[in-house]
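Descriptive analysis of the structure
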Amino acid sequence: MSTWDRAAWRPYTPTSPSCTTPRLNENEFRLAFDLAPSATLLLDEDFRPLAANRAFTTLMGYPLDRLASLGWRGIVPADEPVDVPPWFPGIHRLHTAHGTIARVSMGVQAIRGEPGQLRERLLVSLEDVTARWERDEHARLQSMVLEHLGGAVLAVDRNGRVLYGNPAARTLFQWSGSILPGTPVERLLGPSMRAALAGNANEIETEGQTWDGTAFPAQVSIARTGEDDGTPGGAVLAVTDLTPRRALDLQLMHSARLATLGEMAASIAHEFNQCLHVIRLTAEATRLDITEGKSDADRMTRQADNILGQVDRLTEMVTHMRTISRRESEGKKPFPPQAAVDTALRMVEPLLRGDGILVKRRGRLDGLSVLGHQVRLEQVLLNLLNNGRDAIRDRLRREGSGGHAEGCIAITCDGGVGEPRMRIIVRDNGTGVEQAVGEHIFEPFVTTKNGGAGLGLGLSISRGICTDMGGSLSYRNVADGAEFVIELPAFTPSPAEAGQTGHRLSPDEGAPPRAKRTRSTNAGCCWWTTKPCPS
């Protein structure tokens with residue numbers, strides 16, 4: 001190795017008969033040092049800079065005299081350990097003259113001259129690794145976050161195969177990290193996931209599946225990769241197990257149904273009292289006939305039928321209240337939506353009648369089925385009917401007894417056999433919905449009622465029920481109030497399901513078999529009610 005003259009750049013080699021290495025011209029060596037691609041610095045034995053090439057000046061920005069005055073400590077950030085020796089090999093953070101901090105990989109080489117001629121000098125080379133370090137640090141932090149993240153994260157390639165799953169994902173799907181890579185995404189999240197990746201969806205709800213085949217509801221957020229950086233396309237999937245949320249939704253729906261029953265308690269008690277009053281009067285009349293020795297068979301039969309009709313009415317109300325009040329344990333199944341409409345109207349009728357509110361009915365959904373839970377659709381309808389009742393009462397209170405219109409709720413059933421979707425429209429002539437509230441009306445805890453009259457969960461839960469059934473719930477203000485529209489997909493059984501035998505509910509199933517349905521009209525509106533058979 002060549003050594004260096006203390007006084008100049010001129011290199012020389014030790015005198016040796018066998019050494020024929022030519023001497024380098026001083027200017028040639030200065031030029032080679034100055035044009036070297038790596039940032040290079042020459043230090044004396046006291047670590048003072050003797051020379052710095054162009055690459056060093058470009059990287060650090062210091063002229064030689066400025067660097068000499070600052071010294072090692074002047075360019076090392078204050079938060080670096082004070083015991084780090086100057087110009088030591090390794091990765092260092094250094095202040096630049098540009099006001100930034102560069103991260104450099106430093107190499108140090110000692111240059112020794114002949115004994116007694118030159119003392120040791122240091123040749124320091126610096127490589128700017130700031131970008132690489134930040135990239136590696138970013139990747140390391142990402143990996144650390146993913147490894148400790150509580151949510152499940154999957155990375156998939158453009159072909160829909162899993163590249164990576166963090167520990168939370170491996171726990172959720174019960175797959176080991178060694179066999180998860182390469183797994184088709186539909187094995188974990190169903191065929192709808194592959195369709196979503198092929199399309200433009202950013203979030204879907206699907207059904208996940210564990211290693212042992214256990215299914216669970218899942219929400220998947222999709223972030224596509226490779227669109228900006230030129231890498232092969234793929235996606236990062238954030239998977240949320242919806243099982244706890246669904247359990248909470250069921251609990252909220254159950255609580256809302258109980259609250260509805262509580263609001264209707266007075267009306268239900270009134271109906272019970274009416275039925276019991278009729279039963280008592282009929283029984284007393286029967287006993288009086290027996291006491292007086294009257295044995296008209298036709299009269300006795302009518303009285304018995306009257307009592308049985310009232311008992312059937314009581315049984316129907318009790319049975320349906322028990323159905324509404326208990327938690328569902330069964331999955332979705334087909335049911336006739338018309339039965340839900342009829343039952344909801346029968347339950348809320350006493351409340352509407354007590355407030356003088358008329359009901360218009362248009363159309364029916366006979367012969368149609370939807371997939372879901374009948375009691376949940378009844379819950380939606382009860383909520384809309386009760387909201388309409390409250391809005392009408394509020395309007396009548398504001399207008400006083402001289403109001404221009406009486407209260408009326410119209411319920412329209414629109415749909416026919418063979419059509420893909422059906423609609424149930426509930427319209428009232430109440431106060432309508434203010435625009436500021438209407439933008440958030442389906443959000444939880446948003447209500448138009450006065451303080452203490454509601455929590456604002458009814459419409460949020462109702463929309464969730466309709467969405468779960470594959471439908472929707474929307475609203476709009478109309479000229480004399482508000483209109484809510486339930487839209488549901490019709491259920492078409494498969495050939496195998498259509499061939500199965502079994503009892504199918506009729507639209508009026510559950511109505512009292514011994515009661516007569518009568519209709520009374522008033523101002524274009526009609527009441528559908530159940531009245532006892534005449535005695």
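In short, a report on the structure. In this text, all values refer to a predicted model and were calculated from it rather than measured experimentally. (Residues numbered from 1 in each chain as written. Predicted model: local features only at pLDDT ≥ 70, side-chain atom pairs only at ≥ 80, totals over all residues. Heavy atoms only, no water.)

Glancing now at the pairing of strand S6 (residues 101-111). Note that strand S5 (residues 90-95) and S6 share six bridges and pair antiparallel. Paired with histidine 95 across the strands is isoleucine 101, a residue of S6. Pairing of S6 with strand S7 (residues 121-128), which is carried by eight bridges, proceeds in the antiparallel orientation. Within S7, the residue paired with alanine 110 across the bridge is leucine 122. (Pairing = 2+ DSSP bridges. Helix = DSSP H or I, 4+ residues; strand = E, 2+ residues; numbered from the N terminus.)

Take the nonpolar core next. Grouped together as the largest cluster of nonpolar side chains are 41 residues, with contacts concentrated most on Leu377, Leu381, Leu384, Ile424, Phe484 and Ile486. For this core, the elements supplying multiple residues, two or more each, are helix H11 (337-354), helix H12 (374-399), strand S16 (408-414), strand S17 (421-428), helix H14 (458-468) and strand S19 (481-489). Ranked by residues supplied to this core, first place goes to H11 with eight residues. Ignoring anything within four residues of it in the chain, the contact list for isoleucine 424 reads Val341, Leu365, Leu377, Leu381, Ile411, Thr412, Phe484, Val485 and Ile486. Residues Val156, Phe173, Val185 and Leu188 belong to the second largest nonpolar core, which totals 23 residues. (Core = buried A, V, L, I, M, F, W, Y, C linked by side-chain atoms within 4.5 Å. Buried < 20%, exposed > 50% of the residue type's maximum accessible area, 1.4 Å probe, protein only. Contact = heavy atoms within 4.5 Å.)

In this section: the side chain of arginine 361. Residue position: arginine 361 is located in strand S14 (residues 358-362). Residue classification places arginine 361 among the buried positions, given a relative accessible area of 18%.

Our next topic: the pattern of salt bridges. All chains considered together, the criterion is met by 24 salt bridges. The partner of aspartate 468 in a salt bridge is lysine 332, and the shortest N-O contact between them spans 3.7 Å. Placement of the pair is aspartate 468 in helix H14 and lysine 332 in the loop between helix H10 (297-325) and strand S13 (333-335), with a sequence separation of 136 residues. For aspartate 468, a relative accessible area of 28% translates into the label partly exposed. Since its relative accessible area comes to 41%, lysine 332 is described here as partly exposed. The partner of arginine 361 in a salt bridge is aspartate 342, and the shortest N-O contact between them spans 2.6 Å. In this pair, arginine 361 is assigned in strand S14 and aspartate 342 in helix H11, connecting sequence segments 19 residues apart. (Salt bridge = Lys/Arg side-chain N within 4 Å of Asp/Glu carboxyl O.)

Here we take up the sheet that holds strand S11 (residues 215-225). A sheet is described by the order of its strands in space; here five strands give the open sequence S9-S8-S12-S11-S10, paired in antiparallel fashion. The strands lining the two open edges of the sheet, one partner per strand, are strand S9 (162-165) and strand S10 (203-209). Strand after strand, the sheet turns through a mean of 30° between neighbouring axes, direction not considered. Strand direction decides the pairing type here: S10 and S11, joined by seven bridges, are antiparallel. (Axes fitted to C-alpha atoms, helices over the stretch in contact; angles between N-to-C directions.)

It is worth spelling out the packing of H12 against H14 at this point. The contact between H12 and H14 brings their axes to 9 Å, and the two run at 145°. Once H12 is placed against H14, the crossing between them reads as left-handed. In contact with Arg376, Gln379, Val380, Asn383, Leu384 and Asn387 of H12, H14 contributes Gly458, Leu459, Ile461, Ser462, Ile465, Cys466 and Asp468. Here the contact of H12 with H14 is composed, by residue class, of six nonpolar, five polar and two charged. (Left-handed = near helix turned anticlockwise from the far one by under 90°. Nonpolar A, V, L, I, M, F, W, Y, C, P; charged D, E, K, R; others polar.)

Summarising the element assignment, histidine 373 is placed in the loop between strand S15 (370-372) and H12. Residue classification places histidine 373 among the buried residues on the basis of a relative accessible area of 11%. Along the primary structure histidine 373 and methionine 469 are separated by 96 residues, whereas in three dimensions their C-alpha atoms are 8.5 Å apart.

The geometry of H11 relative to H12 is characterised by a closest axis approach of 9 Å and an angle of 35° between their N-to-C directions. Read as a crossing pair, H11 and H12 show a hand that is right-handed. On H12, the residues touching Pro337, Ala339, Ala340, Val341, Thr343, Ala344, Leu345, Met347, Val348, Leu351 and Leu352 of H11 are Gln374, Leu377, Glu378, Leu381, Leu382, Leu385, Asn386 and Arg389.

Another aspect to go through is the side chain of threonine 286. Within the secondary structure, threonine 286 sits in helix H9 (residues 265-291). When near neighbours in sequence (up to four residues on either side) are disregarded, threonine 286 contacts Met300 and Gln303.

All right, on to unusual backbone geometry then. Although it is not a glycine, phenylalanine 47 adopts a positive phi angle of roughly 65°. Topologically, phenylalanine 47 is positioned in the loop between strand S3 (39-43) and strand S4 (49-52). Unlike most non-glycine residues, glutamine 174 shows phi in positive territory, near 65°. Within the secondary structure, glutamine 174 is located in the loop between helix H5 (167-173) and helix H6 (185-189).

Below, the discussion takes up the pairing of S19. For S19, a buried count of seven out of nine residues is recorded, marking the element as mostly surrounded by other parts of the structure. Bridge count for S17 against S19 is eight bridges, and the pairing is antiparallel. Note on S19: the bridge partner recorded for methionine 422 is leucine 488. Taken together, the seven bridges between strand S18 (residues 472-478) and S19 define a ladder with antiparallel strand orientation.

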